[in-house]
Amino acid sequence: EKVCLALSGGLDSMVLLHLMHVHLNGKYKIRAIHVNHNLNENSNDWSTFCKKQCSQLGIDLTIESIHPENNGSGLEASARDERYRVIKENLTQNELLLTAHHKDDQLETILFRIFRGTALKGLSGMGRVQKHNHILLIRPLLNISKDQILNYLEKAEVSFVEDESNDDDGYSRNFIRKNIVPLIKSKWNGIEKNVSRMTRLAREQNALYEAFIREELKKVTEDQNLSLSLLENYDPFFRSELKTWGHIIESTI
């Protein structure tokens, strides 16, 4: 019934805002939400830009202000977590959340997770459609390349803001985007397509694994709690997996 876009004002989200206006206006109740992180001297200008662009398109805009701090996992991660928390708190019932992640973002995400030491679930990457805590998140551009987005941007003459912090490769994702991804693309043409295939396969295999674990959890659960005596029948690794997944599944119910 309702669609909300997470709007930064950058190139990707402004293209998606334009696409929403062209293809969804009149079919759904559409709006956008912009989160001012207050980490850049131009942050307020970006908020003003988003407000002006949405006003011109006749799209309602909500602006929220946050002040993220490094909580030990890095300022990038802290800002992202705080941003999503605020966005999710603003969503209403029966409202979809759209983000403008694309193929190149998927590649960066996979590389970032590999460097941090991910498991199979991490190799699944970002899903095009994901449900998290009763919120439905859709990434409609996930199968679209950055070049395609730039091509649309030029033809449709979409305005956007530049975040100069994207050029600072002191940030992990920026370093991957500016230094590693171009090198990989120069060697392996079509790497984004191969990564998309890998994430799909990893997601399917992970779904099978989760289903198997759920069935095994039923065998070691008594009165909605894990039975330590029943867990003793499994080897240490499997026992650890059952305990871990038991907590994960419980937290998502």
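Since the model is a prediction, treat every value here as computed from it, not as a measurement.

Trainee: Break down the packing of helix α4 (residues 103-116) against helix α7 (residues 172-187) for me, with residues and values.
Mentor: Two numbers describe how α4 lies on α7: the axes approach to 10 Å, and their chain directions differ by 105°. By the angle between their directions, the pair α4 and α7 is classed as roughly perpendicular. On α7, the residues that touch Asp-104, Leu-107, Glu-108, Thr-109, Leu-111, Phe-112 and Phe-115 of α4 are Ser-172, Arg-173, Ile-176, Arg-177, Ile-180, Val-181, Ile-184 and Lys-185.

Trainee: Describe the side chain of Ser-47, and please don't skip the residues or the numbers.
Mentor: Relative to the assigned elements, Ser-47 resides in helix α2 (residues 43-57). Judged by its relative accessible area of 7%, Ser-47 falls in the buried class. If near-sequence neighbours (up to four positions away) are discounted, Ser-47 is found in contact with His-34, Asn-36 and Ile-63.

Trainee: How would you explain a negative patch on the surface if you had to name every residue and give the values?
Mentor: On the surface, Glu-41, Asp-45, Glu-162, Glu-164, Asp-167, Asp-168 and Asp-169 cluster together into a patch of negative charge. Within the secondary structure layout, Asp-45 lies in helix α2. On the accessibility criterion, Asp-45 (49% relative accessible area) is partly exposed.

Trainee: I'd like a rundown of α7, residues and numbers included.
Mentor: Taking 1.5 Å as the rise per residue, α7 with 16 residues should run 22 Å; its terminal C-alpha atoms sit 22 Å apart, in good agreement. When the local axis directions of α7 are compared, the greatest deviation, roughly 35°, occurs at Ile-180, which is followed within four positions by the proline Pro-182. Those residues of α7 that fall on the buried side of the exposure criterion are Asn-174, Ile-176, Val-181 and Ile-184. Each element contacted by the buried residues of α7 is listed here: α4 and α8 (191-219).

Trainee: Residues and numbers for the packing of aromatic side chains, please.
Mentor: For the coordinates displayed, the defined rule picks out two aromatic pairs. Ring geometry for Tyr-234 versus Phe-238: centroids 5.0 Å apart, planes at 75°, classification edge-to-face. Taking relative accessible area as the criterion, Tyr-234 reaches 16% and is therefore assigned buried. Look at Phe-238 and you get buried, because its relative accessible area is 18%. Three or more aromatic residues link up through ring pairs in this structure, and these residues are Phe-212, Tyr-234 and Phe-238.

Trainee: Describe the packing of α4 against α8, naming the residues involved and giving the relevant values.
Mentor: Remark: α4 packs on α8, axes separated minimally by 9 Å, with the N-to-C direction vectors making an angle of 65°. Relative to α8, α4 is oriented so that their crossing is left-handed. Across from Lys-103, Asp-104, Gln-106, Leu-107 and Ile-110 in α4, the residues of α8 making contact are Ile-191, Glu-192, Val-195, Ser-196, Met-198, Thr-199 and Arg-203.

Trainee: Residue-level account of the pattern of salt bridges, with values.
Mentor: Tallying each qualifying case throughout the model produces 12 salt bridges. A salt bridge links Arg-85 to Glu-82; the nearest nitrogen and oxygen atoms lie 2.6 Å apart. With Arg-85 and Glu-82 both in helix α3 (residues 75-90) and three residues apart, the pair spans about one turn of that helix. The partner of Glu-216 in a salt bridge is Lys-219, and the shortest N-O contact between them spans 3.0 Å. In this pair, Glu-216 and Lys-219 are both assigned in helix α8, three residues apart and thus about one turn of the helix distant.

Trainee: Summarise the nonpolar core; cite the residues concerned and give the values.
Mentor: In terms of nonpolar packing, the biggest core is built from 25 residues, with Leu-5, Leu-7, Leu-16, Leu-17 and Leu-98 touching the most fellow members. Looking at this core, the elements with two or more residues in it are β1 (2-6), α1 (11-23), β2 (29-36), α2 and α6 (146-156). In terms of residue count, the dominant contributor to this core is α1 (seven residues). Sequence-distant contacts of Leu-5, defined by excluding residues within four places in its chain, comprise Ser-13, Leu-16, Leu-17, Met-20, Arg-31, Ala-32, Ile-33 and Leu-98. Within the second largest apolar cluster, 11 residues are counted, among which are Ala-6, Ile-66, Leu-97 and Leu-137.

The rules behind the values
- Residues numbered from 1 in each chain as written.
- Predicted model: local features only at pLDDT ≥ 70, side-chain atom pairs only at ≥ 80, totals over all residues.
- Heavy atoms only, no water.
- Axes fitted to C-alpha atoms, helices over the stretch in contact; angles between N-to-C directions.
- Helix = DSSP H or I, 4+ residues; strand = E, 2+ residues; numbered from the N terminus.
- Parallel < 35°, antiparallel > 145°, perpendicular 65-115°, else oblique.
- Contact = heavy atoms within 4.5 Å.
- Buried < 20%, exposed > 50% of the residue type's maximum accessible area, 1.4 Å probe, protein only.
- Patch = residues over 30% accessible without salt bridge, like charges linked within 9 Å, V, L, I, M, F, W, Y side chains within 5 Å.
- Areas by Shrake-Rupley, 256 points an atom, 1.4 Å probe, with all protein chains shown as cover.
- Salt bridge = Lys/Arg side-chain N within 4 Å of Asp/Glu carboxyl O.
- Lys, Arg positive; Asp, Glu negative; His and termini not counted.
- Charge placed at Lys NZ, Arg CZ, Asp CG, Glu CD.
- Expected span 1.5 Å × (residues − 1).
- Bend = angle between axes of the 7 residues up to and from the residue.
- Phe/Tyr/Trp six-rings, centres within 6.5 Å; stacked < 30°, edge-to-face > 60°.
- Left-handed = near helix turned anticlockwise from the far one by under 90°.
- Core = buried A, V, L, I, M, F, W, Y, C linked by side-chain atoms within 4.5 Å.

These figures capture arrangement, not role.
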